[in-house]
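Survey of secondary and tertiary structure
Residues per chain are reported as follows:
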Amino acid sequence: MTNQNVVVSDGKSSMKVAVAMAMSNTSLFSQAVPKPPTWSAGRFVRRKAVKKLESQGGPHKINAWVDSMRASSPAKSPPSSPEHDSWMVTHPSAMDMFDEIARSSKGKKIVMFLDYDGTLSPIVQDPDRAFMSEDMRAAVKAVARYFPTAIVSGRGKDKVHDFVKLKELYYAGSHGMDIEGPSNGNDDKSIVCQPASEFLPIINQVYNKLIQKTKFIEGAKVESNKFCLSVHFRCVDEKRWPELAEQVKQVLNDYPKLKMNYGRKVLEIKPTIKWDKGKALEFLLEALGFANSKDVLPIYIGDDRTDEDAFKVLRKRKQGFGILVSKLPKETSAAYTLQDPSEVKRFLQRLVEWKQVSQCGYYRS
Ligand SMILES: O=P(O)(O)OC[C@H]1O[C@H](O[C@H]2O[C@H](CO)[C@@H](O)[C@H](O)[C@H]2O)[C@H](O)[C@@H](O)[C@@H]1O
């Protein structure tokens, strides 16, 4: 077991929270970065991958990977179907349920948690161009004026901060493994939590290896999210998904301390620590003084499988609401749904209008 220090401070005082994590002390740092292959080496790597698949009973496993890659990126289907209609009965629109949400917040402090990609910004082909609109930024800014607000993202914290550009928020990057509170203006961050810092060297090694291994697969993109990595296949021809899966699998075989999940046309590689967006939500509630409080109503809005960990925490706490952003029926622990980022924006705007009216009797534009 390894003890990891998480520093929590409120700007005046600071305390150290020891987070015991189930990590063994075996060496994680013994991998050498391979030499960059040449073009012909790339063809060799590809042939070798296919050969390995053919000779070692690999296709079975790789087919399972590719099936999961497909399943995690379902094709668009028309929103109106019997399946969709019955799903909307069990997971109604958060807009339709707005009055219920407002009523539930009576005497409680709303704390807002927002995922980034697919929630505040639309899904686009190039992850570096997933910008949020100015209207959305204004809506988030307005929400943060009334309620503590956190962005909880798979992205690196600094990158998501660069996209959102609001200094008054809490940011939980790397799927919650890198948390920072709003700056008090003196370059002194009020909350810091980095439970996976020990993994940084191997994450960097694996990043370099994946860059080399995937550089001959057109459209593949490896993104460093500091404490985790993303291998994007949105722009890779589906015929080459097995090859990409094989390359990633080969690299990960040497790193049992890392795990992989399927996101939206992305393979997400993370340390095997017991930390996720749900833990980040709990950490932030605790840091805000709501650990065992009944006077808090957390609202978490997200579109991804990783957001399910946070929805589950809310269900378990019997507190607040998880809101899934999806047009398609999905298995989810969220209570309510919103269709897409533009509906998320309208929900946030409505929350601000409701708060203004309930506070001063009129809406301030
Ligand atoms: O937790 P999130 O903020 O939702 O981050 C999850 C991943 O989001 C990004 O990838 C996704 O959005 C891209 C831009 O729209 C899109 O091109 C990609 O296909 C999606 O998977 C981000 O780039 C990843 O690193 C995050 O893991």
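Residues numbered from 1 in each chain as written. Predicted model: local features only at pLDDT ≥ 70, side-chain atom pairs only at ≥ 80, totals over all residues. Heavy atoms only, no water.

As for the overall build of the chain
Helix and strand counts for the chain come out as 11 helices and 14 strands. By the burial criterion, 50% of the 365 residues in the chain qualify as buried. When the accessible surface of the chain is summed, it comes to about 17900 Å², and 50% of that surface belongs to carbon and sulfur atoms. (Helix = DSSP H or I, 4+ residues; strand = E, 2+ residues; numbered from the N terminus. Buried < 20%, exposed > 50% of the residue type's maximum accessible area, 1.4 Å probe, protein only. Areas by Shrake-Rupley, 256 points an atom, 1.4 Å probe, with all protein chains shown as cover.)

Focus on helix α10 (residues 308–317)
It helps to recall that an α-helix has 3.6 residues per turn; residues three or four apart then point in one direction. Within α10 the residues assigned to the buried category are E308, A310, F311, V313 and L314. In this structure, the buried residues of α10 make contact with α9 (277–287), β12 (296–302) and β13 (321–325). Trailing α10 by a residue or two, K318 shows a phi angle of about 50°, which is positive. (Contact = heavy atoms within 4.5 Å.)

Details of the sheet that holds strand β8 (residues 221–224)
On the basis of which strands lie adjacent, the open sheet formed by four strands has the order β8-β9-β11-β10 and antiparallel pairing. On the outer flanks of this sheet lie β8 and β10 (258–263), each paired with one strand and no other. Strand-to-strand twist in this sheet, taken as the mean axis angle between neighbours without regard to direction, amounts to 20°. Summarising the sheet, β8 and strand β9 (residues 229–232) pair through four bridges and their orientation is antiparallel. Bridging across to β9, K221 finds its partner in H232. (Pairing = 2+ DSSP bridges. Axes fitted to C-alpha atoms, helices over the stretch in contact; angles between N-to-C directions.)

Thoughts on the pattern of salt bridges
Between side chains of opposite charge, pairing is possible as soon as their charged atoms come close. Across all of its chains, the model carries 20 salt bridges by this definition. Between R155 and E223 there is a salt bridge, with its nearest N and O atoms 3.0 Å apart. One end of the pair, R155, is in the loop between β4 (149–152) and α6 (157–164); the other, E223, is in strand β8, and 68 residues separate them in sequence. Relative accessible area serves as the criterion here: at 5%, E223 is assigned to the buried category. Here D340 makes a salt bridge to K327, at a shortest N to O gap of 3.5 Å. Pair noted here: D340 is in the loop between β14 (336–338) and α11 (341–360) and K327 is in the loop between β13 and β14, with a separation of 13 residues, a long-range link. (Salt bridge = Lys/Arg side-chain N within 4 Å of Asp/Glu carboxyl O.)

Concerning the side chain of T119
Mapped onto the elements of the fold, T119 is located in the loop between β3 (109–114) and α5 (134–146). Apart from the residues lying within four places of it in its own chain, the contact partners of T119 are M136, I301, G302, D303, V325, P341 and V344.

Topic: the state of the cysteines
Enumeration according to the criterion identifies zero disulfides in this entry. Cysteine C193 shares no disulfide, and the gap to the nearest cysteine sulfur, in C228, comes to 14 Å. Free cysteine C235: the closest other cysteine sulfur is in C228, separated by 20 Å. In this structure C235 comes out as partly exposed when scored by relative accessible area, which is 39%. (Disulfide = S-S within 2.5 Å.)

A look at the site of the ligand
Near the ligand, the surroundings consist of 22 residues, among which V124, E223, R234, R264 and K277 are the closest. A distance of 2.6 Å is found between an oxygen atom of the ligand and a side-chain nitrogen or oxygen belonging to E223. Listing elements by their share of the shell around the ligand, those giving two or more residues are β9 and β11 (266–271). (Near = heavy atom within 4 Å. Polar contact = N/O pair within 3.5 Å; in protein donor to acceptor, adjacent residues only side chain to side chain.)

Remarks on the sheet that holds β4
Reading across the sheet, the eight strands line up as β7-β6-β5-β4-β3-β12-β13-β14 and stay open at both edges, with mixed pairing between neighbours. Among the strands making up the open sheet, the edge pair consists of β7 (192–193) and β14. Here β3 pairs with β4 via three bridges, running parallel. Bridging across to β4, M112 finds its partner in T149.

A short note on the side chain of D307
With respect to the secondary-structure elements, D307 resides in the loop between β12 and α10. Within the structure, the side chain of D307 is placed 3.0 Å from the backbone nitrogen of D303, a separation counted as a polar contact. Apart from the residues within four sequence positions on either side, D307 is in contact with D115, K277, Y300 and G302.

Description of the confidence of the model for the chain
For residues with low pLDDT, the predicted coordinates do not support detailed interpretation. Averaged over all residues, the pLDDT of the chain equals 84, while 79% of them reach at least 70. pLDDT under 50 marks residues 1–57. Its contacts with residues more than four places away, or in other chains, come to 101 contacts. Here the predicted complex scores 0.83 on pTM and 0.99 on ipTM. (pLDDT = per-residue confidence, 0-100.)

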